[in-house]
Amino acid sequence: MEHVQQFGSENAEFSEAGVFARYESNVQSYARSTPAVFAKAVGCEIWDEGGGRYLDFLSGAGSLNYGHNNPVLKNALIEYVNLDGITHSLDLHTEAKAQFLTELADTILLPRGLDYVAQFTGPTGTNAVEAALKLARKVTGRTNVVHFTNSFHGVSLGSLSMTGNQVLRKAAGVPLQGAVCMPFDGYYGAGVDTVAILEQMLSDKSSGIDLPAAVIVETVQGEGGLNPAGWEWLSDLEALCKRQDILLIIDDIQAGCGRTGTFFSFEPAGIVPDIVTLSKSLSGYGLPLALVLMKRELDHWEPGEHNGTFRGNNHAFVTAAATLRHYWRSNEFSREVMEKADYLEGRLRGIVARFPKHLERVKGRGFMRGISFADASHAAAVRDRCYALGLICERCGADDEVVKCMAPLTVTPEELAEGLDILERATGDVLSARGSSGPKIRIAAS
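An account of the accompanying structure is given in this report. (Residues numbered from 1 in each chain as written. Predicted model: local features only at pLDDT ≥ 70, side-chain atom pairs only at ≥ 80, totals over all residues. Heavy atoms only, no water.)

**Regarding the overall build of the protein**
Here is step 1: When its secondary structure is counted, the protein shows 14 helices and 17 strands.
Here is step 2: For the protein, the C-alpha radius of gyration of 22 Å lies close to 22 Å, the compact-globule estimate for 446 residues.
Here is step 3: Projected onto the principal axes, the alpha-carbon positions of the protein cover approximately 60 × 60 × 45 Å.
Here is step 4: Taking all 446 residues of the protein together, 55% fall into the buried category.
Here is step 5: Summing over all exposed atoms, the protein offers an accessible surface of approximately 19700 Å²; the carbon and sulfur share of this is 52%.
Here is step 6: When the 41 positive and 54 negative side-chain charges of the protein are each reduced to one mean point, those points stand 3 Å apart. (Helix = DSSP H or I, 4+ residues; strand = E, 2+ residues; numbered from the N terminus. Rg over C-alpha atoms; globule rule 2.2 N^0.38 Å. Buried < 20%, exposed > 50% of the residue type's maximum accessible area, 1.4 Å probe, protein only. Areas by Shrake-Rupley, 256 points an atom, 1.4 Å probe, with all protein chains shown as cover. Lys, Arg positive; Asp, Glu negative; His and termini not counted. Charge placed at Lys NZ, Arg CZ, Asp CG, Glu CD.)

**Section: the sheet that holds strand E11 (residues 275-278)**
Across a sheet, strands are paired by hydrogen bonds formed along the backbone, either parallel or antiparallel in direction.
Here is step 1: One open sheet accounts for seven strands, arranged E4-E12-E11-E10-E7-E5-E6; its pairing is mixed. Two strands bound the open sheet, and with one partner strand each, they are strand E4 (116-120) and strand E6 (179-182). On average, each strand axis in the sheet is inclined to that of its neighbour by 25 degrees, with strand direction left out of account.
Here is step 2: As paired elements, strand E10 (residues 247-251) and E11 share three bridges and run parallel to each other. Opposite Ile 250, over in E11, you have Val 276 as the bridge partner. (Pairing = 2+ DSSP bridges. Axes fitted to C-alpha atoms, helices over the stretch in contact; angles between N-to-C directions.)

**Quick look at the state of the cysteines**
Here is step 1: Applying the stated criterion across every chain yields a total of zero disulfides.
Here is step 2: Just so you know, Cys 405 is unpaired, no disulfide at all, and the nearest cysteine sulfur is the one on Cys 393, 6.5 Å from it.
Here is step 3: Using a relative accessible area of 3% as the deciding quantity, one classes Cys 405 as buried. (Disulfide = S-S within 2.5 Å.)

**Notes on a nonpolar patch on the surface**
Here is step 1: On the surface, a cluster of nonpolar side chains totalling about 310 Å² of accessible area is made up of Val 19, Phe 20 and Tyr 23.
Here is step 2: Structurally, the position occupied by Tyr 23 is in helix H1 (residues 16-23).
Here is step 3: Its relative accessible area of 62% is what places Tyr 23 among the exposed residues. (Patch = residues over 30% accessible without salt bridge, like charges linked within 9 Å, V, L, I, M, F, W, Y side chains within 5 Å. Salt bridge = Lys/Arg side-chain N within 4 Å of Asp/Glu carboxyl O.)

**Some thoughts on the pairing of E11**
Here is step 1: Side chains Ile 275 and Thr 277 of E11 all project onto a buried face; the interleaved residues Val 276 and Leu 278 project onto the opposite face, where all are buried too.
Here is step 2: The pairing of E11 with strand E12 (residues 291-295) spans four bridges and is classified as antiparallel. Within E12, the position partnered with Val 276 by the bridge is Leu 293.

**Topic: unusual backbone geometry**
Here is step 1: Of note in this structure, Ser 59 is not a glycine but carries a positive phi near 55 degrees.
Here is step 2: In this fold, Ser 59 is placed in helix H3 (residues 59-62).
Here is step 3: The phi dihedral of Lys 280 is positive, around 40 degrees, even though this residue is not glycine.
Here is step 4: With respect to the helices and strands, Lys 280 occurs in the loop between E11 and E12.

**Things to note about the sheet that holds strand E16 (residues 394-396)**
Here is step 1: Spatially, the four strands line up as an open sheet ordered E13-E14-E17-E16, and their pairing is antiparallel. Each edge of the open sheet is held by one strand with a lone partner, namely strand E13 (359-365) and E16. Direction aside, neighbouring strands of the sheet carry axes that sit 30 degrees apart on average.
Here is step 2: As defined by bridge partners, strand E14 (residues 368-373) adjoins strand E17 (residues 402-405) across four bridges and the pair is classed as antiparallel. Looking across to E17, one finds that Ser 372 is bridged to Val 402.

**Things to note about the pattern of salt bridges**
Here is step 1: Tallied over the entire structure, the rule returns 21 salt bridges.
Here is step 2: One salt bridge in this structure joins Glu 199 and Arg 243, with 2.9 Å as the shortest N-O distance. In this pair, Glu 199 is assigned in helix H9 (residues 194-203) and Arg 243 in helix H10 (residues 231-244), connecting sequence segments 44 residues apart.
Here is step 3: One salt bridge connects Asp 384 with Arg 383, and the closest N-O pair in it is separated by 2.6 Å.
Here is step 4: Relative accessible area serves as the criterion here: at 37%, Asp 384 is assigned to the partly exposed category.
Here is step 5: In this structure Arg 383 comes out as buried when scored by relative accessible area, which is 9%.
Here is step 6: Each member of the salt-bridge network shares a partner with another, and the members are Arg 347, Arg 354, Asp 421 and Glu 424.

**Things to note about the packing of H9 against H10**
The geometry of a pair of packed helices is captured by two quantities: the angle between their axes and the separation between those axes.
Here is step 1: H10 packs onto H9 with a crossing angle of 15 degrees between their chain directions and a minimal axis gap of 9 Å. Here H10 runs roughly parallel to H9, going by the angle between their axes. As H9 packs across H10, the resulting crossing turns out to be right-handed. Contact residues: Thr 194, Val 195, Leu 198, Glu 199, Leu 202 and Ser 203 in H9; Trp 233, Asp 236, Leu 237, Leu 240, Arg 243 and Gln 244 in H10. (Parallel < 35°, antiparallel > 145°, perpendicular 65-115°, else oblique. Left-handed = near helix turned anticlockwise from the far one by under 90°. Contact = heavy atoms within 4.5 Å.)

**Considering helix H11 (residues 314-327)**
Here is step 1: Across its 14 residues, H11 extends 20 Å between first and last C-alpha, which sits within 8% of the 20 Å expected from 1.5 Å per residue.
Here is step 2: Judged by how many residues are buried, H11 sits mostly within the fold: 12 of 14 residues are covered.
Here is step 3: Those residues of H11 that fall on the buried side of the exposure criterion are Asn 314, His 315, Ala 316, Phe 317, Val 318, Thr 319, Ala 320, Ala 321, Ala 322, Thr 323, Leu 324 and Tyr 327. (Expected span 1.5 Å × (residues − 1).)

These figures capture arrangement, not role.
See the structure below:
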């Protein structure tokens, strides 16, 4: 049966749904296409207040890689809270922080040969990007930072200047400075080497581009449309940065923490970024935590020079350490993710093949995938139809033309298949109603 929302009160002003309309700002976004009032969630499943069940293929925009209320993480957190462990500590030393840093070094950094030091910033990804930009400018003494078309790095002013989306940029209200936008891999088509274009611009004394402090890049552009950078392109970009004495910042906030199959999304490229930003699924439990990893020799900060009241979320340290300990001490979890990623890609390619007039291609990498629609309104309709059938998913891309699948990495094979069945049915319902060349599917309640 399809999901029907009932808000339970004749006076909407005093219903649970009405309180959001009355007291929450218009800035809310996800709730507009997914208006249920949610009450409970476990793993990939989430239930609304009326008991309606949904599969969550949004996962907090990549903040819930290990699912809702993962028992491994929940038990570690409950134990810590019950022992009256430290909650808030600014940047004081705590046992929870020590355990996380030890696990990070032993499980992630040292096995990969990465000699990074960690900076805990404010609790969100944009805070980490702001710190990375400030550090790059401080270290090099230069101002400009190169970012790329379709990039998304956050919406605070510094990170917004590195974000390509025109609607978001207009909301700044002030000029966005210190940024140079260059074409991402594939922006001009497969035959154009955009790293070579960047190198030519940097080498030409009349190009109008000053030598930048850094280049910041996502290996897979999440909000920008699931655009993956090629491994050779990333390797060439790193080599260019080294030749020009430019710092390379990898924004791994959405693509990292296993989303593309390896803990860091850049690992298969064989590169070693100067600075890495992490957030979203770093805590593993949806708790706010952001981190800047920098090469040891770049740690030029003076004490307290970049700070924030919530730069020490000990509850997040506890769940983050448990995540690394449980999932990343061996390669088994990564292999499982890639197996599911192969299945996901195959199913999405099958959907594209059914509707060649309306669907362009499968996009993304690993377990960060989506389908590009020729008409963005069709993508919106499919997203809405998925919601009606019990699947929560969202769109991305310059025109929101890509329906993306961001299921938890821990999703069961059965849940993954169920969610993709819903996506395929929703796509058929919408496109058949619009005259697709594919088979006709009658829109009806299940």
